[in-house]
Amino acid sequence: MTLADLARQVDATSRLRGRFVLRSGRVAEEYFDKYQFEADPVLLDALAERMVALVPPGTEVLAGLEMGGIAVVTALGRHTGLPCAFVRKAAKPYGTARLAEGADVAGRRVLVIEDVVTSGGQVVLSTGELRRLGARVDAAVCVIDRQEGGSETLAAEGITLRALLTRADLETHGRRAGR
């Protein structure tokens, strides 16, 4: 499956029409529901298979960010054979009380995995927490870069963003391209 085919499938699966209130409070007539491609095991597997090429050499642990990055990191781990850590937005005060569950990140080269990057804010916050735990993080991989400043925000924190697809890819190959 080509990257253009994947972009078409992601767009067809995830772009919803209707009335949606966005986090900013703005109302939109179109919404991109990333959980739709994450809930499709065949599509998620195809995306993860293509994402293997984005994993930098020397990566020791894949760290998926709560919540959407968890599905993606699990699928990607299956294709790379690398251990996975599941990173919470905040450590729970009970049980293990860990921020990162699964693979140990201390002293290891960790690649942050996210489903969609918009501003990059959550990746920056989570990377800071992972670094405090002793992880060496200098890159992040996402399925979709919405091209709204995330890459630049991450670069300012010493994190290189690698995206499988961009908003432009979805616009070029998706419904707005005449589908």
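Notes on the structure follow. (Residues numbered from 1 in each chain as written. Predicted model: local features only at pLDDT ≥ 70, side-chain atom pairs only at ≥ 80, totals over all residues. Heavy atoms only, no water.)

Turning next to the packing of aromatic side chains. Each aromatic ring pair is characterised by the separation of its centres together with the angle its planes make. Scanning the entire structure with this criterion turns up two aromatic pairs. Residues Phe 20 and Tyr 31 carry aromatic rings whose centres are separated by 5.2 Å and whose planes lie at 25° to one another, so their mutual orientation is stacked. Of this pair, Phe 20 sits in strand 1 (residues 15–21) while Tyr 31 sits in strand 2 (residues 27–32), and the two are eleven residues apart along the sequence. Note on Phe 32 and Phe 37: the rings are 6.3 Å apart at their centroids and 45° apart in plane angle, and the pair reads as tilted. Both residues of the pair, Phe 32 and Phe 37, belong to the buried class. (Phe/Tyr/Trp six-rings, centres within 6.5 Å; stacked < 30°, edge-to-face > 60°. Helix = DSSP H or I, 4+ residues; strand = E, 2+ residues; numbered from the N terminus. Buried < 20%, exposed > 50% of the residue type's maximum accessible area, 1.4 Å probe, protein only.)

Between helix 1 (residues 3–14) and helix 3 (residues 41–51), the shortest axis-to-axis distance is 11 Å and the interhelical angle comes to 140°. As for how helix 1 packs across helix 3, the hand of that crossing is left-handed. Contacts between helix 1 and helix 3 involve Leu 3, Leu 6, Gln 9, Val 10 and Thr 13 on the former and, on the latter, Leu 43, Ala 46, Leu 47 and Arg 50. The residue inventory of the contact of helix 1 with helix 3, partitioned by class, reads six nonpolar, two polar and one charged. (Axes fitted to C-alpha atoms, helices over the stretch in contact; angles between N-to-C directions. Left-handed = near helix turned anticlockwise from the far one by under 90°. Contact = heavy atoms within 4.5 Å. Nonpolar A, V, L, I, M, F, W, Y, C, P; charged D, E, K, R; others polar.)

A word on the nonpolar core. Within soluble globular proteins, side chains that are nonpolar tend to cluster in buried spots. Core analysis: the biggest nonpolar cluster contains 30 residues, and Val 10, Phe 37, Leu 47, Leu 62, Ile 113, Ile 144 and Leu 165 have the highest contact counts within it. Of all the elements, helix 3 adds the most residues to this core, at six residues. If we ignore the near neighbours within four places in the chain, the residues touching Ile 113 are Leu 62, Ala 63, Gly 64, Leu 65, Gly 69, Val 72, Val 73, Leu 76 and Val 141. (Core = buried A, V, L, I, M, F, W, Y, C linked by side-chain atoms within 4.5 Å.)

So, on to unusual backbone geometry. For the bond from Glu 66 to Met 67, the omega torsion is 5°, close enough to zero to count as cis. Relative to the assigned elements, Met 67 resides in the loop between strand 3 (61–65) and helix 4 (68–80). The phi torsion at Ala 97 lies on the positive side, around 55°, for a residue other than glycine. Within the secondary structure, Ala 97 is located in the loop between strand 4 (84–87) and strand 5 (100–102). Here Ala 97 falls in the partly exposed class, since its relative accessible area comes to 41%. Positive phi values are uncommon outside glycine, yet Gln 147 reaches one of about 55°. Positionally, Gln 147 belongs in the loop between strand 7 (136–145) and helix 6 (150–156). Residue Gln 147 is classed as partly exposed on the basis of its relative accessible area, which comes to 45%.

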